[in-house]
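Here is what each chain is made of, one letter per residue.
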Amino acid sequence: MNKRNSCPPVVMVIGGMDPSGGAGLGADIQTLAALGCHAAPVVTALTVQDTTAVKNFQLVELDLIRAQMQAVLDDMKPSVVKTGMLGSGDIVSVVSSMLSQRPDIQIIVDPVLSSNSGSSLSEHSLTKAIIELLLPIATLICPNIPETVALAGTALLDTLDIDECAALLYDADSHCDCLITGTHADSDQVINRYYRKGRKLKEWVWQRLQYEYHGSGCTLASAIAAGIAHGLEMEQALEQAQQFVMDCLQDGFKPGNGQHIPRRLCSETDLKTGI
Ligand code: PLP
């Protein structure tokens, strides 16, 4: 079939809008487009932020979130859903009750609790709802270290190692894999650890880059979703997604006064405009 007429895999992305374009749904849409998927974005929140900090956010009404999801689910056939900023336990409840009726859809969960600059993007009820409602139906959860600690319910990171936290997240009733990203560790290398059934299967070690990036977690989770939507096995999807993120970060740019933004779309030579 002519590639121009064929339908790319559809991935529903559920998360917040970031007006800086670095993180959130903008990052998801760019990543999925770059990796040959069509993104169907469902908005859960409007944030007010730039590349330095989150200043405010407002959550979208539950009925409106439900209606956005229903519109896409009635019309298209997403094989994968990626969740990002869900903001509150009530939103997790709406999202998970709708998705629990669709076991054919694989769910990649980026458990966004705060921005890379450290500002909160969630209400208190969120972590409990992610654990109780979303993890049991998810395919993969990809927390960073602070998110892992928050989800595992401990503030004692110094005394608990990451493997123990991953084991705490494991629920025998769910089949959710876990990728814990090491971006927030205090080391020269970034170690990303992949667990299945609470046991570590693989580690990837990446050289830490010079800058801080806005939207790297969103880019990673969406790139994993794209790999799964294209039919890759989980380990291969994780590997390719990390390589994609590294390329985007190495090519990143600084459009404002704060963090760098990953360059997710075409490199200069790919530009169709020729400018
Ligand atoms: N989603 C939204 C709407 C955000 O505003 C942010 C961060 O600001 C994130 C997700 C998480 O971003 P990151 O990929 O930098 O962790």
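What comes next concerns the included structure. (Residues numbered from 1 in each chain as written. Predicted model: local features only at pLDDT ≥ 70, side-chain atom pairs only at ≥ 80, totals over all residues. Heavy atoms only, no water.)

**Looking at the pattern of salt bridges**
Here is step 1 of the chain: Counted under the stated rule, the structure contains 11 salt bridges.
Here is step 2 of the chain: The salt bridge partner of R102 is D104, with a shortest N-O separation of 2.9 Å.
Here is step 3 of the chain: Take R102: its relative accessible area is 22%, and that puts it in the partly exposed class.
Here is step 4 of the chain: Linking K128 and E132 is a salt bridge whose minimum nitrogen-to-oxygen distance equals 3.6 Å. Here K128 and its partner E132 are both found in helix α4 (residues 126–134), four residues apart, which amounts to about one turn of the helix.
Here is step 5 of the chain: Given a relative accessible area of 46%, E132 falls into the partly exposed group.
Here is step 6 of the chain: By sharing partners, the salt bridges in this structure join D163, R193, K200 and E203 into a single network. (Salt bridge = Lys/Arg side-chain N within 4 Å of Asp/Glu carboxyl O. Buried < 20%, exposed > 50% of the residue type's maximum accessible area, 1.4 Å probe, protein only. Helix = DSSP H or I, 4+ residues; strand = E, 2+ residues; numbered from the N terminus.)

**Observations regarding helix α3 (residues 89–99)**
Here is step 1 of the chain: For α3, the buried fraction is high: eight of the 11 residues fall into the buried class.
Here is step 2 of the chain: If you check which residues of α3 are buried, you get G89, I91, V92, V94, V95, S96, M98 and L99.

**Overview of the sheet that holds strand β9 (residues 199–207)**
Here is step 1 of the chain: Strand order in the open sheet formed by nine strands is β3-β2-β1-β4-β5-β6-β7-β8-β9, and the pairing between neighbours is mixed. In this open sheet, the two edge strands, each paired with only one partner strand, are β3 (54–59) and β9.
Here is step 2 of the chain: Here four bridges tie strand β1 (residues 10–17) to strand β4 (residues 80–83), and the two strands are oriented parallel to one another. Counterpart to M12 in the pairing with β4 is V81.
Here is step 3 of the chain: Along the sheet, helix α8 (residues 234–250) makes contact with β5 (106–109), β6 (140–141), β7 (177–180), β8 (189–196) and β9, crossing β9 at roughly 15°. (Pairing = 2+ DSSP bridges. Contact = heavy atoms within 4.5 Å. Axes fitted to C-alpha atoms, helices over the stretch in contact; angles between N-to-C directions.)

**Concerning the packing of helix α7 (residues 216–229) against α8**
When two helices pack together, you describe them by how their axes are tilted relative to each other and by the distance separating the axes.
Here is step 1 of the chain: Closest axis-to-axis distance for the α7/α8 pair is 8 Å, and the angle between their directions is 140°. Taken together, the axes of α7 and α8 lie oblique to each other. Pair α7 / α8 crosses with right-handed handedness. Two secondary-structure elements touch here, α7 through S216, T219, L220, A223, I224, G227 and I228 and α8 through M234, A237, L238, A241, Q242, F244, V245, C248 and L249.
Here is step 2 of the chain: Grouping the constituent residues of the contact of α7 with α8 by class yields 12 nonpolar, four polar and no charged. (Parallel < 35°, antiparallel > 145°, perpendicular 65-115°, else oblique. Left-handed = near helix turned anticlockwise from the far one by under 90°. Nonpolar A, V, L, I, M, F, W, Y, C, P; charged D, E, K, R; others polar.)

**Some remarks on the site of the ligand**
Here is step 1 of the chain: Close contacts around the ligand come from 14 residues, with Q49, N116, G215, G217 and C218 the closest.
Here is step 2 of the chain: A distance of 2.8 Å separates an oxygen atom of the ligand from a polar atom in the backbone of G215.
Here is step 3 of the chain: Relative to its free-state accessible area of 390 Å², the ligand is covered by the protein chains to the extent of 97%.
Here is step 4 of the chain: Broken down by element, the residue count for the shell around the ligand peaks at three residues, all from α7. (Near = heavy atom within 4 Å. Polar contact = N/O pair within 3.5 Å; in protein donor to acceptor, adjacent residues only side chain to side chain. Areas by Shrake-Rupley, 256 points an atom, 1.4 Å probe, with all protein chains shown as cover.)

**Re the packing of aromatic side chains**
Here is step 1 of the chain: As enumerated under the stated definition, the model contains one aromatic pair in all.
Here is step 2 of the chain: An angle of 35° between the planes, with centres 6.4 Å apart, marks the rings of Y194 and W204 as tilted. A residue pair is termed long-range when its members are at least 10 positions apart, and Y194 in strand β8 and W204 in strand β9 qualify at 10 residues. Per residue, the accessibility class of Y194 equals that of W204, and both read buried. (Phe/Tyr/Trp six-rings, centres within 6.5 Å; stacked < 30°, edge-to-face > 60°.)

**As for α8**
Here is step 1 of the chain: In this model α8 runs 24 Å from its N-terminal to its C-terminal C-alpha over 17 residues, within 8% of the 24 Å that 1.5 Å per residue would give.
Here is step 2 of the chain: Within α8, the full set of buried residues consists of M234, A237, L238, A241, Q242, F244, V245, M246, C248 and L249. (Expected span 1.5 Å × (residues − 1).)

**Considerations on the packing of helix α5 (residues 145–152) against helix α6 (residues 162–169)**
Here is step 1 of the chain: Their axes nearest at 9 Å, the elements α5 and α6 cross at an angle of 50°. Of the possible angle classes, the one that applies to α5 and α6 is oblique. For α5 against α6, the interelement crossing comes out left-handed. The segment α5 lies against α6, with I145, T148, L151 and A152 engaging I162, C165, L168 and L169.
Here is step 2 of the chain: Looking at side-chain class alone, the contact of α5 with α6 contains seven nonpolar, one polar and no charged residues.

**A word on the environment of N144**
Here is step 1 of the chain: Looking at where N144 falls in the secondary structure, it is placed in the loop between β6 and α5.
Here is step 2 of the chain: The exposure class assigned to N144 is buried, which follows from its relative accessible area of 12%.
Here is step 3 of the chain: Among residues more than four places away in sequence, those in contact with N144 are T181 and H184.
Here is step 4 of the chain: From its side chain, N144 meets the backbone nitrogen of E147 in a polar contact 2.9 Å long.

Read these as layout, nothing more, since geometry by itself doesn't imply function.
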